[in-house]
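# Structure assessment
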Amino acid sequence: MFDFHRLRLPSKYFNILITVLTFVLFFWFTPVVAQALTKAPVILDGQQLFQISDSGQYSAQERTNLINSQLKNVISASESIQVKIEKRNQLPTILLNDRYLLTVTQQDTVPGSTLDEQANIWVQQIEGALQQAHLERTRTYLQQTTFIAAVILLITVGFSWLLGWIKHHFIRVASLRLTTSNAIPNSETLKVLELFFKLVLASMRIGLWMSAILYITNLFPFTRQWSYQISNILITSFTSPILTLGKNPYSLTELIILVGLLFGLVIFAGTLTNFLRSRILSYTGINRGAQEAIIILLKYGLIFIGTLVSCCAYNLHIIKMKKTSGTGCYAGYWLSTLRTKTASTTVVKTERSL
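Residues numbered from 1 in each chain as written. Predicted model: local features only at pLDDT ≥ 70, side-chain atom pairs only at ≥ 80, totals over all residues. Heavy atoms only, no water.

Before going further, it helps to spend a moment on the overall build of the protein chain. The secondary structure content of the protein chain amounts to ten helices and seven strands. Counting only residues that meet the buried cut, the protein chain has 37% of its 354 residues in that class. (Helix = DSSP H or I, 4+ residues; strand = E, 2+ residues; numbered from the N terminus. Buried < 20%, exposed > 50% of the residue type's maximum accessible area, 1.4 Å probe, protein only.)

If you want it as structure tokens, here you go:
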């Protein structure tokens, strides 16, 4: 008779993954404390032109807000572009259509360049960006870009379907090699392998669609600004420290890698012990209860040791954290529960065998 109890193992792995990812995403959406910035970018249609610094009583962000608004006004009004430099208070001042835009200060210059050289570079960048902005708002450009976006969407749909076909093909080939008439452990391995392929497929499809959407949004000047803001938020969220364990700060990327390592460790331990049960222990003549005890000790022992090694690789000293932080207490409690469950399950299996 087919044992359905064994098929619940992959769903348990999936529940563990969802729980841990929820924990990680909770900290991801927690506001990140931003460091004081000394420079702020000048942006037009989602493209960064250059960065400026604080100047007197005006912060860098206040200066960029003024510059960005004037650039947008020129584009919206479809005015002619005239950018020039004047000397005011012995400092080069950039004028846009005879209106003040910004004053180049010593803090704005790149090391090794003079104020005049920096002003000339910025004038060229502003002129080029404004001309490009006018071009991207013409009907011809929008028609061509819309056609390109439609082609990219069709290609993305095709690749997404192809990835699904490849996943089903690999699962079908794996089922033919692993599934036998009376090998239940192979069915369990097949379910774990199928879960792994589903996770890989979902990750690849998410990456494919995100890349396509970001590329399409970068084609249009109206959506490029949204793409720039979203990209900055994602980069900041993935690279900025969002959680401090012990004395070490960790970013979302590091937490995701750690979660992936632990999840992969659970799958590896289950696959290895299933292989040992079906290929080695079944031919040793040991009774079934003793086999189950050996498998449980080996499986949870691998998970326990692998978890400790993974945490040590990330400088997560669980014993020290258990005394100082709530997260450490939770991790220590999880490891203690794993140890207790292993011991109790082993005793039950051994008693049944006797």
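Across the sheet, three strands lie side by side as β3-β4-β5; this open sheet has antiparallel pairing. On the outer flanks of this sheet lie β3 (83-88) and β5 (99-103), each paired with one strand and no other. For this sheet, the mean inter-axis angle between neighbouring strands, taken without regard to orientation, is 35°. By the bridge criterion, six bridges tie β3 to strand β4 (residues 91-96) in an arrangement that is antiparallel. Across the sheet, V83 pairs through a bridge with L96, a residue of β4. On top of the sheet, helix α2 (residues 60-76) reaches β4 and β5; it is set at about 145° to β5, its chief contact. Contacting β3, β4 and β5, helix α3 (residues 115-135) runs over the sheet at an angle of about 10° to β4. (Pairing = 2+ DSSP bridges. Axes fitted to C-alpha atoms, helices over the stretch in contact; angles between N-to-C directions. Contact = heavy atoms within 4.5 Å.)

Tracing the backbone shows N97 in the loop between β4 and β5. Not counting residues up to four positions away in its chain, the partners in contact with N97 are V74, E79, S80, I81 and Q82.

This next bit is on the pairing of strand β1 (residues 39-44). Here β1 pairs with strand β2 (residues 47-53) via six bridges, running antiparallel. Looking at β2, one finds that P41 is bridged to Q51. The antiparallel pairing of β1 with β2 creates a hairpin that spans two residues between the two strands, and D45 there sits at a positive phi of about 55°.

Further remarks concern the side chain of T145. Relative to the helices and strands, T145 resides in helix α4 (residues 139-178). Judged by relative accessible area, which is 4%, T145 ranks as buried.

Moving on, we come to the pattern of salt bridges. What the rule picks out here adds up to six salt bridges. Among the ionic pairs, R63 bridges to D108, the shortest N-O distance being 3.3 Å. Here R63, found in helix α2, pairs with D108, found in the loop between β5 and α3; they are 45 residues apart in sequence, far enough to count as distant. With a relative accessible area of 10%, R63 lands in the buried category. As a salt-bridge pair, R224 and E136 come within 3.1 Å of each other at their nearest N and O atoms. Placement of the pair is R224 in helix α6 (residues 221-239) and E136 in the loop between α3 and α4, with a sequence separation of 88 residues. (Salt bridge = Lys/Arg side-chain N within 4 Å of Asp/Glu carboxyl O.)

Looking now at empty space enclosed by the protein. Using the criterion set out here, one finds one cavity of 30 Å³ or more in the structure. In this model, the largest cavity occupies a volume close to 50 Å³. Lining the largest cavity, in full, are L44, D45, Q47, L49, A129, Q132, A133, E136 and R224. Looking at which element gives the most residues to the lining of the largest cavity, the answer is α3, with three residues. Class assignment of the residues belonging to the lining of the largest cavity gives a composition of four nonpolar, two polar and three charged. (1 Å grid on protein atoms, 1.4 Å probe; cavity = no way out; pocket = protein on both sides within 12 Å on 5 of 7 lines; lining within 4 Å. Points joined across faces, edges and corners; volume = space filled by probe spheres on them. Nonpolar A, V, L, I, M, F, W, Y, C, P; charged D, E, K, R; others polar.)

Counting residues in hydrophobic clusters, the biggest one holds 23 residues, and the most contacted among them are L44, L71, I94, I126 and L130. Not counting residues up to four positions away in its chain, the partners in contact with I94 are V83, K84, R99, Y100, L101, L102, V104, A119, W122, V123 and I126. Counting residues in each nonpolar core, the second largest holds six residues, with A212, I216, L219 and F220 among its members. (Core = buried A, V, L, I, M, F, W, Y, C linked by side-chain atoms within 4.5 Å.)

A few words on the packing of aromatic side chains. Following the criterion strictly, the structure yields two aromatic pairs and no others. Seen in terms of ring centroids, F50 and W122 are 4.2 Å apart; in terms of plane orientation they differ by 10°. Their pairing is stacked. Placement of the pair is F50 in strand β2 and W122 in helix α3, with a sequence separation of 72 residues. Given a relative accessible area of 6%, F50 falls into the buried group. Ring centres of F170 and F197 lie 5.8 Å apart, and the angle between their planes is 20°; this geometry places the pair in the stacked category. (Phe/Tyr/Trp six-rings, centres within 6.5 Å; stacked < 30°, edge-to-face > 60°.)

Time to look at a nonpolar patch on the surface. On the surface, a cluster of nonpolar side chains totalling about 1100 Å² of accessible area is made up of F147, I148, V151, I155, F159, W161, L162, W165, I166, F170 and Y215. When residues of the nonpolar patch are assigned to their parent elements, the largest contribution, ten residues, is made by α4. Its place among the elements puts V151 in helix α4. (Patch = residues over 30% accessible without salt bridge, like charges linked within 9 Å, V, L, I, M, F, W, Y side chains within 5 Å. Areas by Shrake-Rupley, 256 points an atom, 1.4 Å probe, with all protein chains shown as cover.)

On to the confidence of the model for the protein chain, then. Across the protein chain, the average pLDDT comes to 75, with 73% of residues at or above 70. In this model, residues 26-37 is a region of pLDDT below 50 whose contacts with residues beyond four sequence positions or in other chains number ten contacts. In the model, residues 181-185 has pLDDT below 50 throughout and makes five contacts with residues more than four positions away in sequence or in other chains. (pLDDT = per-residue confidence, 0-100.)

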